[in-house]
Amino acid sequence: MSLAKKYPKEVKQILAKYPPEYKRSAVMPLLYLAQSEEGCITRDAMQDIADTLEISVTDVGAIVGFYTLYHDKKEGKYRMQVCTDLPCALRGADQFMESLCSNLGIKIGETTPDGLITLEAVTCLAACDRAPMFQVQSRDGLKYYEDMTVDKTMELIEALRHVDKETA
Amino acid sequence: MSYVLLRHRDIPDIGKLSVYKEHGGFEAFKKAVTKMKPNEVTDTVKASGLRGRGGAGFPTGMKWSFIDNKNWPHYVVANADESEPGTFKDREIMESNPFQFLEGVAIASYAVGAKAAYVYLRGEFWQIAKFLDEKIAEMEKAGVLGEKLFGTDYSLNIYTHLGAGAYICGEETAMLESIEGKRGQPRIRPPFPAVHGLYGKPTVVNNVETLANLPMILANGADWYKSLGTPDSAGVKIFSLSGRVRKPGNYELPFGTTFRQLIYEHGGGVQDGRPVKAIMPAGASSSFIVADDKVLDTQMDYATVRTLGADLGSASVIVIDDTVSLDWVINKTIHFFKHESCGKCTPCREGTYWMMHLIDRLHADGCTSADVDLLLNVARQMQNKCLCPLGEFSTMAVVTGIERFPQDFGKA
């Protein structure tokens, strides 16, 4: 079902932000809506958005490909995106990342066997004074976790795993 | 001295509309709309000496005065993309003192005759965007945003627009492309946004911190603002201090504060009591400053930092101590810029790609001094050839790292 049919209120609100003759501007918020629906952005969703905004599916695909927070395939339910950029790395982010990898038994970019966590290294998240830190991207949006330790992170992952089992 | 921007540290609940109003909130915007002509607002901001806080340091009032009054409508875009490694100040303003920022957006909009303003937030600020949407709705309800404000004919709406992970969107023309629903790639300038901006209309793009200054400048006057800071750089600045210091964080201080005061008095000194080896005053885009006693006692303002062979930029001060080798640092910055290059112009796209391969080779076995020379050569070849500042920024740490710290690259 199209986004406009399923979420008429949200789509209308999004389109109202921009001048009617420039509705292409709504492509990014609509992609977020599609991603929260499916967990990733499907080819059908791109076509649907292209039809709504009267642009080509290539135009939509170019946006998905350009911006790092859009995903065209499913990975773990939670994407744990650890900042390993310079300021965080000066405060131990690389070592933090290594410990997470060995605790989870996966490499950067990989997903835990239960499909729960995909571990990713990302560039600066504007939290340089609270390293080590990461954000968790899921269908529900994004959340920051700052001043983290490996222990606290493993507890968080256990909590997420628990929530996942409850809702499954 | 009480805070000018980080006022939530003095007034904890300033993020509540009622508390913000109790402390004079929206009075400056009301005064502007009901008692001042738009050009009088611009003149006040010009007289205050306020310069853009996003990094370029361009005089704000002058930027507004370039707007083309023959082409309408006008737009204001608040740059909340905050993606420079080492910068985390706009986030604190928006999270903790949101109304002062939004009032600043409103004042800028009135000054340039814009009836719609967009706040462009980096995608990672997803929660902040939701928070600002709530604050905007509260302002509409309180009658300080919307139609016919304060009984005048002036109307204004503010909208948030969320990016999705692209450093380049902090460049103002890339940001406009992104709002238009395109890939965030910079436009060729001129024409500048003041003439050809969002949807081809005259547009002012200002950084969050710049805008947050405006209510205070209108409330207290240009002379008051000028009395803070130095003759070259008026007012206060939020210094984002990070790296190998004991107390990293945001420090709002007048321009003219020295590096030593920032790092030692406010930041608690260097971890493990090590000496400062190098300073990057403007995040990953910085040139390296070789730290010595004279440098540490240098005042931080736009003109003085330039005498050290670097720019103050957004004042994201990354401190590097003597346990860190500069080849490791530029490995980080090169990979960052390689990842963030938008691919539009060849010198940046290819240059960052080859710099990445060269720095990887430097860290592999069997590298030679010729590899260092080649890396330096590639970086120098890129300079003054890129379409936007990103490509230039990517070379700063490489060139100054090798030139100023040759011993870290097996030279000298």
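Residues numbered from 1 in each chain as written. Chains lettered and ligands numbered in written order. Predicted model: local features only at pLDDT ≥ 70, side-chain atom pairs only at ≥ 80, totals over all residues. Heavy atoms only, no water.

A.B. asks: So what exactly am I meant to see when it comes to the packing of helix H2 (residues 27-35) of chain B against helix H6 (residues 98-112) of chain B here?
C.D. replies: Residue and element names in this part refer to chain B. Taken N-terminus to C-terminus, the directions of H2 and H6 make an angle of 10 degrees; their axes are 9 Å apart at the nearest point. As the angle between them shows, H2 and H6 are arranged roughly parallel. Where H2 approaches H6, its residues Glu27, Ala28, Phe29, Ala32 and Val33 are matched on the opposing element by Glu103, Ala106, Ile107 and Tyr110. Among the residues making up the contact of H2 with H6, the classes are represented as 7 nonpolar, no polar and 2 charged. (Axes fitted to C-alpha atoms, helices over the stretch in contact; angles between N-to-C directions. Helix = DSSP H or I, 4+ residues; strand = E, 2+ residues; numbered from the N terminus. Parallel < 35°, antiparallel > 145°, perpendicular 65-115°, else oblique. Contact = heavy atoms within 4.5 Å. Nonpolar A, V, L, I, M, F, W, Y, C, P; charged D, E, K, R; others polar.)

A.B. asks: Mind showing me how you'd approach the nonpolar core here?
C.D. replies: Across soluble globular proteins, nonpolar side chains have a tendency to be buried as a group. Counting residues in hydrophobic clusters, the biggest one holds 159 residues, and the most contacted among them are Tyr67 and Tyr70 of chain A together with Phe101, Leu121, Phe288 and Leu375 of chain B. Here the element with the most residues in this core is H6 of chain B; it accounts for 10 residues. Ignoring any residue separated from it by four or fewer positions in sequence, one finds Leu375 of chain B in contact with Ile330, Ile334, Met355, Leu358, Ile359, Leu362, Val398 and Ile402 of chain B. With 25 residues, the next largest nonpolar core counts Phe259, Val276, Ile289 and Tyr302 of chain B among its residues. (Core = buried A, V, L, I, M, F, W, Y, C linked by side-chain atoms within 4.5 Å. Buried < 20%, exposed > 50% of the residue type's maximum accessible area, 1.4 Å probe, protein only.)

A.B. asks: Explain the domain arrangement of chain B to me, please; I cannot follow it from the model alone.
C.D. replies: Quite often, the size of an interface is put as the accessible area lost when its parts meet. All names here are of chain B. In terms of domains, chain B is made up of domain 1 (7-227), domain 2 (236-321) and domain 3 (326-409). Taking only C-alpha atoms, the centre of domain 1 and the centre of domain 3 are 35 Å apart. Contact residues are listed per partner, giving 11 residues for domain 1 and 11 residues for domain 3. Carbon and sulfur atoms make up 73% of the surface buried where domain 1 meets domain 3, a total of about 880 Å² over both sides. (Domains from an automatic or database assignment. Buried area = accessible area lost by both parts, 1.4 Å probe.)

A.B. asks: Got a minute to help me understand the interface of chain A and chain B in this structure?
C.D. replies: Facing 41 residues of chain A, the contacting portion of chain B comprises 57 residues. Between chain A and chain B the total buried area reaches about 3,800 Å² when both faces are included, carbon and sulfur atoms providing 59% of it. A per-residue breakdown of the area chain A buries against chain B is headed by Phe66, Leu86 and Leu90 of chain A, which together make up 18% of the total. The partner of Arg91 of chain B in a salt bridge is Glu146 of chain A, with the nearest N and O atoms 2.8 Å apart. (Salt bridge = Lys/Arg side-chain N within 4 Å of Asp/Glu carboxyl O.)

A.B. asks: Hey, could you run me through the side chain of Arg7 of chain B in this one?
C.D. replies: Residues and elements named next belong to chain B. Mapped onto the fold, Arg7 is located in the segment before helix H1 (17-22). The buried charged residue Arg7 lacks any salt bridge partner; its closest oppositely charged side chain belongs to Asp10, at an N-O distance of 6.6 Å. Excluding its chain neighbours within four sequence positions, the residues that come into contact with Arg7 are Ile14, Tyr20, His23, Asn97, Gln100 and Met216. (Lys, Arg positive; Asp, Glu negative; His and termini not counted.)

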